[in-house]
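# Examination of the molecular architecture
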Amino acid sequence: WATWQGKLKANDQTINIPIHISSRFVDGKVVILESYYDSAPLNKALAAIEAENALPADEKEMIGKINIFVSEFLNKKDASVLDNLLANNYVKTQSDVKVASGSKELVESMNALFTGFPDFKITLLHKSPFWDNNIAVHWQLTGTNTGEFNGALATGKKAKITGMTHLHFNNEGKVDMEDVYYDNLDFMQQLGHTLN
């Protein structure tokens, strides 16, 4: 048994496919090589790319901005991309609590995670269809708490959570609203924190 792993050029998604390889040898040379694998993960990923490519031009542009937001700002911590992605009246809420207005406050609010989890990574799992410039995104966060986080010392523990984000784009194709939902209690418990 082995695993084929590859990264799709279209969206940098990593695909892992378990494979079983059987070989027959004669005089130390392979004379028969058979491989068995499930191509469903690859087919599903390619179908998702094809579906995105079939979107209207404005929806493709908005998907592109989501991908840049995740890959460049969140995963590479490059705030310079935000001017092209966020509207001037951008507002972010987290579980219905306002946490940022504008790109400057967004960066400040994210710095706690970036500092606490230097290997912080967001992976997009699913995207809903668009409706009236709205989209829902299902994501996964992974990271190791090796830095100070919200005033607490590093625990060295790994965290892995999933959540949903609702995004709204204005008529210029920029994000003006971001609503984020995830289980913060589960996140903190993974780091070893408990309720008092």
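Further up the page is the structure itself.
The following paragraphs examine the structure supplied in this document. Residue numbers restart at each chain and count upward from 1, following the sequence in its written direction. With the structure being a predicted model, the display of local features is reserved for residues of pLDDT at least 70 and the display and counting of side-chain atom pairs for 80 or more, all residues being used for whole-chain, interface and lining totals. Neither water nor hydrogens contribute to the side-chain values; these are computed over all heavy atoms in the structure.

### A look at the pattern of salt bridges
Under the convention used in this document: Counted as salt bridges are all cases of a side-chain nitrogen of Lys or Arg within 4 Å of a carboxyl oxygen of Asp or Glu. A run of H or I in DSSP counts as a helix once it spans at least four residues, and a run of E counts as a strand once it spans at least two, with each numbered from the N terminus. Relative accessibility under 20% of the residue-type maximum defines a buried residue, over 50% an exposed one, and the middle range a partly exposed one, all with a 1.4 Å probe and only protein chains included.
Under the definition given, this model contains two salt bridges. Here lysine 65 and glutamate 61 are joined by a salt bridge, their closest N and O atoms 3.5 Å apart. With a gap of four residues between them, lysine 65 and glutamate 61 both fall in helix α2 (residues 57–74), about one helical turn apart. When its relative accessible area of 13% is taken as the criterion, lysine 65 is described as buried.

### Remarks on the sheet that holds strand β8 (residues 158–169)
Applicable threshold: Any two strands are treated as partners once DSSP identifies two or more bridges connecting them. All axes are obtained by fitting lines to C-alpha atoms, using only the stretch in contact for helices, and the reported angles, taken between N-to-C directions, cover 0 to 180 degrees.
Strand order in the open sheet formed by six strands is β5-β4-β9-β8-β7-β6, with mixed pairing between adjacent strands. Each edge of the open sheet carries a strand with a single partner, namely β5 (97–101) and β6 (121–127). When strand polarity is set aside, the average angle formed by the axes of neighbouring strands in this sheet is 25 degrees. Where β8 meets strand β9 (residues 175–182), seven bridges bridge the pair, whose relative direction is antiparallel. Across the sheet, residue methionine 164 finds its bridge partner in β9, namely tyrosine 181.

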